Amino acid sequence: MPTTAEPWPGEGRAAVLAGSCSARTLEQIAQFYAAGLPSLHLDALAAATGRDVTGEALAWYDEQDPASPVLIYASASPDELAAVQAQSGVAEAAAQVEELLGALASHLVDRGVRRLLVAGGETSGAVTTALGIRAVLVGEEADPGVPWTYATTGSGDLALMLKSGNFGAPDLFTRALLETK
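A.B. asks: Just checking my understanding: could you explain helix α6 (residues 121-131) for this structure?
C.D. replies: Spacing of three or four residues puts side chains on the same side of an α-helix, whose turn is 3.6 residues. Residues T123, S124, A126, V127, T128 and L131 constitute the buried set of α6. Just downstream of α6, G132 is the residue with a positive phi angle, here 70°.

A.B. asks: Looking at this model, I keep getting lost on the environment of P69. Mind explaining?
C.D. replies: In this structure, P69 sits in the loop between α3 (53-62) and β3 (70-73). Residues P69 and V113, 44 residues apart in the sequence, show an inter-C-alpha distance of 9.4 Å. Not counting the four nearest positions on each side in its chain, P69 is found in contact with A14, F32, L37, P38, L177 and L178.

A.B. asks: Quick question: what am I supposed to make of the sheet that holds strand β2 (residues 39-41) here?
C.D. replies: Backbone-to-backbone hydrogen bonds pair the strands of a sheet. The strands run either parallel or antiparallel. Pairing is mixed in the open sheet, where 7 strands are placed in the order β2-β3-β1-β4-β7-β6-β5. The two strands at the open ends of the sheet, each matched to only one other strand, are β2 and β5 (137-143). Between one strand and the next, the sheet's axes are offset by a mean angle of 20°, whatever the strand orientation. The sheet contact formed by β5 and strand β6 (residues 146-153) spans 4 bridges and is antiparallel. Bridge assignment links L137 to a residue of β6, and that residue is Y150. Each of β1 (13-18), β2, β3 and β4 (113-119) is contacted by α3, which is oriented at about 170° to β3, the strand it contacts most.

A.B. asks: Any chance you could explain the pattern of salt bridges here in plain terms?
C.D. replies: Opposite charge on two side chains allows them to pair when their charged atoms are near. Under the definition given, this model contains 5 salt bridges. Linking R51 and E56 is a salt bridge whose minimum nitrogen-to-oxygen distance equals 3.0 Å. A relative accessible area of 43% means that R51 is categorised as partly exposed. Looking at E56, the relative accessible area reads 38%, which means it is partly exposed. R175 serves as the salt-bridge partner of D171, at 3.1 Å between the closest nitrogen and oxygen. Using a relative accessible area of 28% as the deciding quantity, one classes D171 as partly exposed.

A.B. asks: So what exactly am I meant to see when it comes to the side chain of S20 here?
C.D. replies: With respect to the helices and strands, the residue S20 is situated in the loop between β1 and α1 (23-34). Among the polar contacts listed, one links the side chain of S20 to the backbone nitrogen of S22, at a separation of 3.1 Å. Those residues in contact with S20 that lie beyond four places of it in its chain are T25, S75, A119, G120, T123 and G165.

A.B. asks: Would you take a moment to explain the pairing of β6 for this structure?
C.D. replies: Here is the key point about a regular strand: its side chains alternate between the two faces of the sheet. Among the 8 residues in β6, 7 count as buried, and that is most of the element. Once β5 ends, the chain turns through 2 residues before running back antiparallel as β6, passing G145 with a positive phi of about 80°. Bridging between β6 and strand β7 (residues 156-163) involves 6 bridges; their strand directions are antiparallel. From the neighbouring strand, W148 faces β7, where its bridge partner is M161.

Definitions and limits used
Residues numbered from 1 in each chain as written. Predicted model: local features only at pLDDT ≥ 70, side-chain atom pairs only at ≥ 80, totals over all residues. Heavy atoms only, no water. Buried < 20%, exposed > 50% of the residue type's maximum accessible area, 1.4 Å probe, protein only. Helix = DSSP H or I, 4+ residues; strand = E, 2+ residues; numbered from the N terminus. Contact = heavy atoms within 4.5 Å. Pairing = 2+ DSSP bridges. Axes fitted to C-alpha atoms, helices over the stretch in contact; angles between N-to-C directions. Salt bridge = Lys/Arg side-chain N within 4 Å of Asp/Glu carboxyl O. Polar contact = N/O pair within 3.5 Å; in protein donor to acceptor, adjacent residues only side chain to side chain.

So far we have only geometry, and geometry alone does not tell us how the molecule works.
Next comes the structure, spelled out in structure tokens:
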């Protein structure tokens, strides 16, 4: 019989990494931004040219208020996505974004993020691989089909929410990170 974990205290910083380009994830990003919370859109094409997008994102992150959750996303509208895919190729564009977000997850956890929400199935796979997560303890659902999970990484304990692109209410990002301090 499956059991759920009690939520960990959630001490440490909170972040969202989004790679999904689904309509729901785009709504969640817009709601997070509209709430006045720190948001950074990654330039997937710049990463392909060799620009240090990871370093730029980490420098931005380091300047943010540690008490506020942050959002770093590569998600794009259908037109933006088509432009990136036309220039880089569908498979290559996806691989670059997933590698970038996986690397960012690792650096963010090293910098003290202890609550991490990840939007996108492939993005979730890239993040768990980059963090070396092989197993999680499942906690309570924040929304139907979107539970918190708990894992231990080389940098410490981590509350992790892995959501498929079209899952969760439009306010999931803000609600999940602001209400679980």
